[in-house]
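Okay, here's what each chain looks like letter by letter:
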Amino acid sequence: VARLSLTLFGPFQATLRGESVRFESDKVRALLAFLVTESGTQHRREKLAGLLWPGGSEASARNNLRHTLSVLRRAIGDRDADQPALDITRQTVQFCTGSDSWADVTAFTTLLATGAPAGTEATDRWEQAVDLYQGDFLHDFSLPDSPEFEECALLSREQFRRQALEALQSLSAALEAGGQTERALVFARRQTELDPWREEAHVQVMRLLALSGRRSEALAQYQACSQLLADGLGVEPQEQTTSVYEQIKRGELAPAHRVASIPPHNL
């Protein structure tokens with residue numbers, strides 16, 4: 001177990017040696033979250049100061065950063081750590097991924113970087129990755145007086161969500177190809193929970209229900225999809241989606257049948 005553990009998917013959480021870490025302010029949390037998410041970069045102090053304390057003088061922002069770094073180091077026990085999590089110089093600050101620390105966002109990215117799920121080992125890694133995605137990045141966390149930080153957090157939130165959805169889709173398809181229909185259905189359904197208007201996810205659920213012999217549930221999934229698209233986007237299901245529905249109605253969907261990917265609607 002890592003000395004310092006950080007959870008950024010969903011509500012921000014940090015533990016030190018198994019105990020919850022208490023931070024002085026949201027600025028301290030924001031600085032740590034940013035450094036962890038962008039751990040591959042040495043960040044110049046002036047950039048971090050401007051990110052979190054815009055609008056004031058540069059000297060004031062740098063003083064705020066200096067104080068916040070000191071508070072952060074104390075909170076995460078970095079001063080007496082054998083492997084400090086923060087690499088701090090007079091010019092730069094960087095989170096050290098090689099330290100005795102663990103972060104869900106880093107583990108998530110590393111697991112997905114191992115390649116598409118084509119075999120048992122790769123599939124297991126992708127399952128571990130999507131299990132880490134327990135909610136949107138920094139859910140319900142914001143710094144209203146730091147618009148640049150807010151923009152960075154939003155971009156990261158959208159990127160991680162997109163990666164999670166694509167991973168769930170690929171994982172579901174790989175499990176279906178391997179004949180593991182019920183497991184594939186779990187990940188297909190999770191896509192619709194994350195993004196109810198993701199039409200290709202509804203198609204996966206319809207297919208997998210039909211292949212599992214649950215024809216009435218598959219047909220009901222199409223109706224639910226149609227209602228969501230109409231209410232949320234004001235559109236009808238795409239032609240390919242309806243085609244799958246008609247195949248299921250006629251009982252023509254066979255286990256070997258494959259349907260082309262359904263592109264998402266443009267909002």
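For clarity, every value in this text was computed on a predicted model and none was experimentally measured.

Visitor: Residue-level account of the sheet that holds strand 7 (residues 101-103), with values.
Guide: Spatially, 4 strands are ordered 3-2-1-7 in an open sheet, and the strand pairing comes out mixed. Each edge of the sheet is formed by a strand with only one pairing partner; in this case those strands are strand 3 (19-20) and strand 7. Of the pairings in the sheet, the one linking strand 2 (residues 13-16) to strand 3 comprises 2 bridges and is antiparallel in character. Across the sheet, Leu-16 pairs through a bridge with Glu-19, a residue of strand 3.

Visitor: For helix 1 (residues 26-37), give the residues involved together with the corresponding values.
Guide: A rise of 1.5 Å per residue sets the reference length of helix 1, with its 12 residues, at 16 Å; its end C-alpha atoms lie 16 Å apart and thus fit the reference within 8%. Burial analysis of helix 1 places 9 of its 12 residues in the buried class, which makes it a mostly covered element. Of the residues making up helix 1, those classed as buried are Lys-27, Val-28, Ala-30, Leu-31, Leu-32, Ala-33, Phe-34, Leu-35 and Val-36.

Visitor: Let's hear about empty space enclosed by the protein: which residues, and what values?
Guide: Scanning all chains against the criterion turns up 1 cavity of 30 Å³ or more. Here the largest cavity is characterised by a volume of approximately 70 Å³. Together, Ala-33, Phe-34, Thr-37, Glu-38, Phe-137, Leu-138, Phe-149, Cys-152, Ala-153 and Ser-156 line the largest cavity. The set of elements that each furnish at least two residues to the lining of the largest cavity consists of helix 1 and helix 6 (147-177). Counting residues per element, the lining of the largest cavity draws most heavily on helix 6, which supplies 4 residues. Split by residue class, the lining of the largest cavity holds 7 nonpolar, 2 polar and 1 charged.

Visitor: Can you tell me about the confidence of the model for the protein, naming the residues and giving the values?
Guide: With 94% of its residues at a pLDDT of at least 70, the protein reaches an overall mean of 91. Under a pLDDT of 50 for its full length, residues 257-262 has, in the predicted model, 16 contacts with residues more than four places off or in other chains.

Visitor: Explain the nonpolar core to me, using residue names and the numbers behind them.
Guide: Grouped together as the largest cluster of nonpolar side chains are 75 residues, with contacts concentrated most on Phe-23, Leu-32, Phe-95, Phe-108 and Phe-149. Per element, the largest residue contribution to this core is 9 residues, and it comes from helix 6.

Visitor: Before we move on, can you summarise the pattern of salt bridges with the specific residues and values?
Guide: On inspection of all chains with the given rule, the structure shows 13 salt bridges. With a closest N to O distance of 3.6 Å, Glu-200 and Arg-198 form a salt bridge. Just as Glu-200 is buried, Arg-198 falls in that class too. In this structure, the salt-bridge partner of Glu-217 is Arg-214, at a minimum N-O distance of 3.1 Å.

Visitor: Go over helix 9 (residues 215-232) with me, naming the residues and quoting the values.
Guide: Each α-helix winds once per 3.6 residues, and so residues spaced three or four apart point in a common direction. With 18 residues, helix 9 extends 26 Å from end C-alpha to end C-alpha; this agrees with the ideal 26 Å at 1.5 Å per step. Residues of helix 9 that are buried include every one of Ala-218, Leu-219, Gln-221, Tyr-222, Cys-225, Ser-226 and Leu-229, and no others. For helix 9, the buried positions fall inside an angular range of 150° around the axis, keeping them on one side. Among the exposed residues of helix 9, those oriented more than 90 degrees off its buried face are Ser-216 and Asp-231. Count one or two residues on from helix 9 and you reach Gly-234, which has phi positive near 70°.

Visitor: For the sheet that holds strand 6 (residues 92-95), give the residues involved together with the corresponding values.
Guide: Read across the open sheet, the 3 strands follow the order 4-6-5; overall the sheet is antiparallel. In this open sheet, the two strands that pair with only one neighbour each are strand 4 (43-44) and strand 5 (86-88). Lying over the sheet, helix 1 contacts strand 4, strand 5 and strand 6, oriented at roughly 75° with respect to strand 6.

Visitor: Tell me about the environment of Leu-171, and please be specific about residues and values.
Guide: Within the secondary structure, Leu-171 sits in helix 6. Separated by 131 residues in sequence, Leu-171 and Gly-40 have C-alpha atoms that sit 27 Å apart. Apart from the residues within four sequence positions on either side, Leu-171 is in contact with Pro-117, Thr-123, Trp-126, Glu-127, Val-130 and Phe-187.

About the cut-offs
- Residues numbered from 1 in each chain as written.
- Predicted model: local features only at pLDDT ≥ 70, side-chain atom pairs only at ≥ 80, totals over all residues.
- Heavy atoms only, no water.
- Pairing = 2+ DSSP bridges.
- Helix = DSSP H or I, 4+ residues; strand = E, 2+ residues; numbered from the N terminus.
- Expected span 1.5 Å × (residues − 1).
- Buried < 20%, exposed > 50% of the residue type's maximum accessible area, 1.4 Å probe, protein only.
- 1 Å grid on protein atoms, 1.4 Å probe; cavity = no way out; pocket = protein on both sides within 12 Å on 5 of 7 lines; lining within 4 Å.
- Points joined across faces, edges and corners; volume = space filled by probe spheres on them.
- Nonpolar A, V, L, I, M, F, W, Y, C, P; charged D, E, K, R; others polar.
- pLDDT = per-residue confidence, 0-100.
- Contact = heavy atoms within 4.5 Å.
- Core = buried A, V, L, I, M, F, W, Y, C linked by side-chain atoms within 4.5 Å.
- Salt bridge = Lys/Arg side-chain N within 4 Å of Asp/Glu carboxyl O.
- Arc of directions from axis to C-beta.
- Axes fitted to C-alpha atoms, helices over the stretch in contact; angles between N-to-C directions.

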